[in-house]
Amino acid sequence: MNKILVTGGLGFIGSHTVVELQKEGYEVVIIDNLSNSSIDVLDGITSISGKTPIFEKLDLKDREDVEAFFAKHNDIKGVIHFAASKAVGESVQEPLLYYENNISTLVYILKELKKLPSAAFIFSSSCTVYGQADELPITENAPVKQAESPYGNTKQIGEEIISDTCKVTPNLKAIALRYFNPVGSHETAKIGELPIGVPQNLVPFITQTAIGIREQLSVFGDDYPTPDGTCIRDYIHVVDLAKAHVVALNRLLQNKNKANYETFNLGTGTGSSVLEVVKSFEKVSGKKLNYKIVGRREGDIISAYADTTKANNELGWKTQLTLDDAMRSAWKWEQIVRNS
């Protein structure tokens, strides 16, 4: 049984990925510093999968702790690296915090992986690296644009660090997965998205508005050059996204990769507008959502959705779940969280 380290494994995408890894028979070790997650998520993972992953509360910014971890777990075969700060607005206000947390931690992990006979590394990247793409849908060959925020820049720099390291480290194989917009939760509603404070993402803001925590959803702009005037994004169900990590990891461990550093876009290939997401929620929940059109928000791009051809053909992966499925599961999760 291969032992896999999942950093940030109690977070939104991390926890769903741990479930899928355990389903596949991997032994999972989670590192999480609980700065943006809850230890209760471990119970949810165990309840779904019937297995409790090994958990180490550890701050990856502490290099000595990282070295000690790899000395203790010297049989790690692969790492899926989610742990990172991810709020765009906060990154603008606190750039050094983001560079320290997202870059130094990556370097410390890669330094440890270099010491192993072989290692597979999956990096949690983002479609933010493309900015407002010149062509839609967005392929992996689209140019990486100057980042709009320090957060986006950490993803670009992170990819460059991994690529540079792989060039001179034959025993390291890596894949950067560029996510579009993860939404929804596990069908059991035992794990899901748990934003701390005011949600930065559309779907938890919708569900919190519907349940009465937020008074109103602000829709930022209805005068964009799109069919209904609102921004378009590619919303991918988090369970589909989690499964893609397992497929990517298998690719590396089974030596099916075509280079020792590869990139893949993960999305549905279909764009949905903000108002289409609202309508999907209203349909599956039976609730009318209180929302208001307000002015545009600085930094928002007009439209972004993935060309998934490479992921479909090379990884043999494609999404199975719909936007309605995602909204239904997100609403179920919200109701359970608030009533527990």
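Everything in this summary refers to the structure shown in the same document. By convention here, each chain's residues receive numbers from 1 onward along its written sequence. Local features in a predicted model are, by the rule used here, given only for residues with pLDDT of at least 70; side-chain atom pairs are given and counted only at 80 or more, and totals for whole chains, interfaces and linings are based on all residues. Where side-chain values are given, they derive from all heavy atoms of the structure, hydrogens and water being excluded.

## Re the overall build of the protein chain
Then, in step 1: Looking only at helices and strands, the protein chain features eleven helices and 13 strands.
Then, in step 2: Only C-alpha atoms enter the radius of gyration; for comparison, a globular chain is expected to reach 2.2 Å times N to the power 0.38, where N is the number of residues. Against the compact-globule benchmark of 20 Å for 340 residues, the protein chain has a radius of gyration of 19 Å, which places it among compact chains.
Then, in step 3: For the C-alpha atoms alone, the extent of the protein chain along its principal axes is close to 55 × 45 × 40 Å.
Then, in step 4: Here's how the labels work: a residue is buried when its accessible area is under 20% of the maximum for its type, exposed when over 50%, partly exposed in between, all with a 1.4 Å probe on protein chains only. Counting every position in the protein chain, which comprises 340 residues, the buried fraction comes to 54%.
Then, in step 5: Contact between two residues is taken to exist if any of their heavy atoms lie within 4.5 Å; hydrogens are not considered. When contacts within the protein chain are restricted to residue pairs at least 6 apart in sequence, long-range pairs at least 24 apart make up 80% of them.
Then, in step 6: Surface exposure here means Shrake-Rupley accessible area, sampled with a 1.4 Å probe, where a residue is shielded only by the protein chains that are shown. For the protein chain, the computed accessible surface area is about 15000 Å², with 48% contributed by carbon and sulfur atoms.
Then, in step 7: Across the protein chain, the 36 positively charged side chains and the 42 negatively charged ones have centroids separated by 4 Å. In this description a helix means any DSSP run of H or I spanning at least four residues, a strand means any run of E spanning at least two, and both kinds are numbered starting from the N terminus. When charges are tallied, Lys and Arg are placed among the positive residues and Asp and Glu among the negative ones, while His and the ends of the chain are skipped. By convention, the point assigned to a charge is CZ for Arg, NZ for Lys, CD for Glu and CG for Asp.

## What about helix α3 (residues 63-72)?
Residues that lie three or four places apart on an α-helix share one face, since the helix turns once every 3.6 residues.
Then, in step 1: If you check which residues of α3 are buried, you get Val-66, Phe-69 and Phe-70. The arc that holds every buried residue of α3, seen down its axis, measures 90 degrees, which confines them to one face. Pointing more than 90 degrees away from the buried face of α3 are the exposed residues Glu-64, Ala-71 and Lys-72.
Then, in step 2: Turning to α3, the residues buried within the fold contact β1 (3-7), β2 (27-32), β3 (54-57), β4 (76-81) and α5 (95-114).
Then, in step 3: Contacts described as polar in this section are N or O atom pairs within 3.5 Å, which, within protein, must combine one atom able to donate a hydrogen with one able to accept it, while residues neighboring in sequence count only if both atoms come from side chains. At the N-terminal boundary of α3, the capping side chain belongs to Asp-62, with an oxygen 3.2 Å from the backbone nitrogen of Glu-64. The directions considered for the arc run from the helix axis to the C-beta atoms.

## Points about unusual backbone geometry
Most peptide bonds adopt trans geometry, and most residues besides glycine take a negative phi value.
Then, in step 1: With omega at -10 degrees, the peptide bond leading from Leu-136 into Pro-137 counts as cis.
Then, in step 2: Mapped onto the elements, Pro-137 comes out in the loop between β5 (119-126) and α6 (150-167).
Then, in step 3: At Leu-34, a position not held by glycine, the phi torsion is positive, near 65 degrees.
Then, in step 4: With respect to the element layout, Leu-34 can be found in the loop between β2 and α2 (40-49).
Then, in step 5: Even without a glycine there, the phi angle at Ala-189 is positive, about 60 degrees.

## Observations concerning the packing of helix α7 (residues 202-211) against helix α11 (residues 323-339)
Then, in step 1: Orientation of α7 relative to α11, taken along the N-to-C sense of each, is 55 degrees, at an axis distance of 10 Å. Compared by their axis directions, α7 and α11 come out oblique. For the pair α7 and α11, the crossing hand works out as right-handed. Only Met-327, Ala-330, Trp-331, Glu-334, Gln-335 and Arg-338 of α11 make contact with α7, whose side of the interface consists of Val-203, Pro-204, Ile-206, Thr-207, Gln-208, Ala-210 and Ile-211. Here the axes come from fitting lines to C-alpha atoms, over the contacting stretch only for helices, and the angles between their N-to-C directions go from 0 to 180 degrees. For classification, angles of less than 35 degrees are called roughly parallel, those exceeding 145 degrees roughly antiparallel, those between 65 and 115 degrees roughly perpendicular, and all remaining angles oblique. Left-handed describes a crossing in which the near helix is turned anticlockwise from the far one by less than a right angle; the clockwise case is right-handed.

## Considering the environment of Lys-310
Then, in step 1: With respect to the helices and strands, the residue Lys-310 is situated in helix α10 (residues 309-315).
Then, in step 2: Classification of Lys-310 by relative accessible area gives partly exposed; the value is 29%.
Then, in step 3: Spatially, the C-alpha atom of Lys-310 lies 37 Å from that of Asp-62, the residues being 248 residues apart in sequence.
Then, in step 4: Within the structure, the side chain of Lys-310 is placed 2.7 Å from the backbone oxygen of Thr-263, a separation counted as a polar contact.

## A word on the sheet that holds β3
Then, in step 1: Spatially, the seven strands line up as an open sheet ordered β3-β2-β1-β4-β5-β6-β11, and their pairing is parallel. Each edge of the open sheet is held by one strand with a lone partner, namely β3 and β11 (261-266). Sheet twist, expressed as the mean angle between neighbouring strand axes with direction ignored, is 20 degrees.
Then, in step 2: Between any two strands, at least two bridges found by DSSP are needed for them to pair. Sheet topology note: the strand β6 (residues 172-179)/β11 ladder contains six bridges and is parallel. When the bridges of β11 are listed, Ile-175 appears paired with Glu-262.

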